[in-house]
Amino acid sequence: MAVVTGESLKSELEMFGIACQDDTILDKMVEQCICNRIQACDMVLEWVAYSTTKNGLKLSTDTLEYFEHEVLNKKNKFKQSFKKEETHNRTRDIHSLQDLIKAEEEEENLLDAYSTPAKGSQKRALTTPEHPHSKRSAALLTSPGLLLSPASFSPSSTPSQKYSQRGAKGEVVVSFGAVQGTRWAGRKESGAGVQLELLEGPEDSLRSSYKYMFQRLRDVRNVLTEKIEDLGEGLKAHFNIEEFSPVSLPAQDSITVLGQVCCDSNGKLNAHSVLLEAGPEQGGQQIPVDLSELKDYSLFPGQVVVMEGMNTTGRKLMASKLYEGVPLPFLTSEVKMETNEEPLNVLVACGPYTPSDSLTFDPLLDLINIIVRDRPDVCLLLGPFVDSKHEQIEKAQVTETFEAIFSRCVESIVDGTQSVGCRLVFVPSQRDIHHHFIYPQPPFSLPSLSKDQAQGIISAPALCSLQRVTLVPDPCTLLIDGVTLGLTSTDILFHMGAEEISCGTGTDRFSRILKHMLTQRSYYPLYPPVEEVNMDYEKYQSFGQMPLTPDVLVIPSELRYFVKNVVGCVCVNPGRLTKGQVGGTYGRMLIQRSAASGDGTRVSPCLAAQVVKI
């Protein structure tokens, strides 16, 4: 399937004597071609037939809407009713080699029908390696040799049955803020005038790939030591602590110690295995901690804390008080909000974008249709886009490179949303098989987007000179029209949830973990990290820390979706777009640069948020 462009549609229309100079109409037709998976020539033929039956209907955006409703949507329904037959024919026609295999198998079946097999050998004939027939059938069924279908991105043309039969489409499962009567749509000129940039600035942000696997243990130790000292200074100033005592020095009076929580073995942390590891200034030693006198606590490995207690022998600390960390301040914007300024509509989705039983990107196409319908101002799209945990990718049942699959995926998103003109932000994931799986993770590179295509991205009328596509690292802090958003695609909620211990806190686990992230001022405060996270501590020190407390923290996870306000930061887990073989969820938010209320208290810039089923 060739890429449909405005020029190809224009030339096809001219063949029928239809002149079209309006780019808006051509963009709308390109969008309909992509969403309905039809070629430019077929699109024009359908339109000519439709306009003829309507007494020469003129081509316009309004008539295209009627055309889509009356013709294209009905064709899609007709196709779905014969999905099995079409799938069978499409699979057979993808490559001429399959036709040869099919014909050869039919000949062998005909010969087998006239032969008399030995007793009990019929079933074995399908599985024994002596028969080339079974090998061909296995190859055809597993589809490692099939070419990727441009319409479905899949080496197998069979779409996921469970995904297509899912229910509760569009159901709102979580709401936050003033959602009553909220209009979930972007501004009139979507994406126009949206100021979107990395908060760290070009010189301080992770812009390209870097060399890893060169860190020394001494460097890792220095990074962890600096983390303890920096957080300790903040705790000392906030709680007016005079000085910290060495952890292993015997004392008959109550002492205050600073250190990092760790476990006394390689197992999971529990109340009897907690150690406190001090920094070099406090002796740099580890000491067991007795938590029996603490009424409430929440601890995890890598957490920097201040404890108060008795250490009469120098061998064990009887903790009596625990000082939690202090979050960084929010961004104070000096730019005043305009009285007639409309809020921004931000859509958030996290991969995988395919069901687990098929590599068809049907959920992604559904998401593109939602973007076209709701016309958000900004779309935050987090990986994985080409999931390393997908069954067909694990078994190498693809014939194109992973980079080619990813490039085609991105081009479809860019082309499918061109008429909307929204800003697109792509965040990589540790599970993206075509990308560096190192943390912090550099942004994607898109060499497939040539200068001509880039010009197409920029030339949307609503954008003027602003680029639509923004490639950011994982993690990162974005500044969108004066509102700060923290983004990470790494499932820190799942990782910390397995390691955290608590007692008597009275809060749910999600809120505790999110508060730990904000008070530890880090997108990944867990140490040591889980095995699947390859941490580069030198880059982590520069790019894995929070420069401030974000107004909104987007933190997708395998765990249940939610929207929570934690110490003034609105934390959103939009879930994943697919959950196994069925559809998942995505998120949407209305944000607006906030001005302080009359009494000087801060007002959250996140006016409303929802999590919706795809």
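Residues numbered from 1 in each chain as written. Predicted model: local features only at pLDDT ≥ 70, side-chain atom pairs only at ≥ 80, totals over all residues. Heavy atoms only, no water.

Looking at an unreviewed UniProt entry, the protein carries the name DNA polymerase alpha subunit B, with the source organism given as Dissostichus eleginoides. The protein has a UniProt comment under Sequence similarities (unreviewed entry) that states "Belongs to the DNA polymerase alpha subunit B family." (UniProt positions renumbered as here; feature names shortened; annotations may be inferred.)

Chemist: Explain the environment of Glu 229 here, please?
Modeler: Position of Glu 229 relative to the elements: it lies in helix H10 (residues 217-238). With relative accessibility at 30%, the residue Glu 229 sits in the partly exposed group. Between the alpha carbons of Glu 229 and Val 304 there is a distance of 9.2 Å; along the sequence they are 75 residues apart. Dropping the residues within four chain positions of it, Glu 229 is found in contact with Pro 280 and Glu 281. (Helix = DSSP H or I, 4+ residues; strand = E, 2+ residues; numbered from the N terminus. Buried < 20%, exposed > 50% of the residue type's maximum accessible area, 1.4 Å probe, protein only. Contact = heavy atoms within 4.5 Å.)

Chemist: Even after reading the chapter, I still don't get the sheet that holds strand E1 (residues 172-177), so can you show me in this structure?
Modeler: Remark on secondary structure: sheet strands pair via backbone hydrogen bonds, oriented parallel or antiparallel. The strand order across the open sheet formed by seven strands is E1-E22-E21-E9-E10-E11-E12, and the pairing between neighbours is mixed. Each edge of the open sheet is held by one strand with a lone partner, namely E1 and strand E12 (469-471). The average angle at which neighbouring strand axes cross in this sheet is 15°, direction not considered. Taken together, the five bridges between E1 and strand E22 (residues 606-613) define a ladder with antiparallel strand orientation. What sits directly across from Phe 176, in E22, is Ala 609. Set on the sheet, helix H11 (residues 362-374) makes contact with strand E9 (344-350), strand E10 (378-382) and strand E21 (585-591); between it and E9 the angle comes to about 175°. On the sheet, helix H13 (residues 402-416) packs against E10, strand E11 (423-427) and E12 and is oriented at approximately 160° with respect to E11. (Pairing = 2+ DSSP bridges. Axes fitted to C-alpha atoms, helices over the stretch in contact; angles between N-to-C directions.)

Chemist: In this structure, what is going on with H13? I would like to understand it.
Modeler: Owing to its 3.6 residues per turn, the α-helix aligns residues three or four sequence positions apart on the same side. Taking 1.5 Å of rise per residue, 15 residues should cover 21 Å, and H13 covers 21 Å from first to last C-alpha, within 8% of that figure. Regarding H13, the residues found buried are Ile 405, Phe 406, Ser 407, Cys 409, Val 410, Glu 411, Ser 412, Ile 413, Val 414 and Gly 416. (Expected span 1.5 Å × (residues − 1).)

Chemist: What am I meant to see in the nonpolar core here?
Modeler: Buried together is how nonpolar side chains tend to be arranged in soluble globular proteins. In terms of nonpolar packing, the biggest core is built from 36 residues, with Tyr 353, Leu 367, Leu 381, Phe 385, Ile 413, Phe 426 and Tyr 586 touching the most fellow members. Breaking this core down by element, the ones donating at least two residues are E9, H11, E10, H13 and E11. Tallying contributions element by element places H11 first for this core, with seven residues. Core analysis: the second largest hydrophobic core is formed by 32 residues, Leu 380, Tyr 561, Val 563 and Cys 606 among them. (Core = buried A, V, L, I, M, F, W, Y, C linked by side-chain atoms within 4.5 Å.)

Chemist: I'm lost on the pairing of strand E8 (residues 317-323) in this one. Help?
Modeler: Where a strand is regular, its side chains alternate between the two sheet faces. Sheet analysis places strand E5 (residues 286-290) next to E8, joined by two bridges and oriented parallel. Bridge pairing in E8 places Asp 290 opposite Met 318. Of the pairings in the sheet, the one linking strand E7 (residues 304-311) to E8 comprises five bridges and is antiparallel in character. Note on E8: the bridge partner recorded for Gly 309 is Ala 319.

Chemist: Sorry, what's going on with the environment of Tyr 524 here?
Modeler: With respect to the helices, strands and loops of the structure, Tyr 524 is situated in the loop between helix H16 (509-520) and helix H17 (537-543). C-alpha of Tyr 524 to C-alpha of Thr 490: the two residues are 34 residues apart in sequence and 8.5 Å apart in space. Leave out the neighbours within four places in its chain, and Tyr 524 touches Tyr 439, Thr 490, Ile 492, His 495, Pro 529, Val 530, Val 533, Met 535, Tyr 540 and Gly 544. For Tyr 524, the side chain forms a polar contact with the main-chain nitrogen of Val 530, separated by 3.4 Å. (Polar contact = N/O pair within 3.5 Å; in protein donor to acceptor, adjacent residues only side chain to side chain.)

Chemist: I'm lost on the sheet that holds strand E4 (residues 274-277) in this one. Help?
Modeler: Overall, mixed pairing links the five strands, which are arranged E3-E4-E5-E8-E7 in a closed barrel. Each neighbouring strand pair of the sheet contributes to a mean axis angle of 55°, computed without reference to strand direction. As paired strands, E4 and E5 are joined by three bridges and run antiparallel to one another. Counterpart to Leu 275 in the pairing with E5 is Pro 288.

Chemist: Any chance you could explain the packing of helix H1 (residues 6-15) against helix H2 (residues 23-36) here in plain terms?
Modeler: Working note: a packed helix pair is described by the angle between its axes plus the distance between those axes. For the pair H1 and H2, interaxial distance at closest approach is 9 Å and the crossing angle is 105°. Taken as axis vectors, H1 and H2 run roughly perpendicular relative to one another. On H2, the residues that touch Gly 6, Leu 9, Lys 10 and Leu 13 of H1 are Leu 26, Met 29, Val 30 and Cys 33. Residues that form the contact of H1 with H2 fall into these classes: six nonpolar, one polar and one charged. (Parallel < 35°, antiparallel > 145°, perpendicular 65-115°, else oblique. Nonpolar A, V, L, I, M, F, W, Y, C, P; charged D, E, K, R; others polar.)

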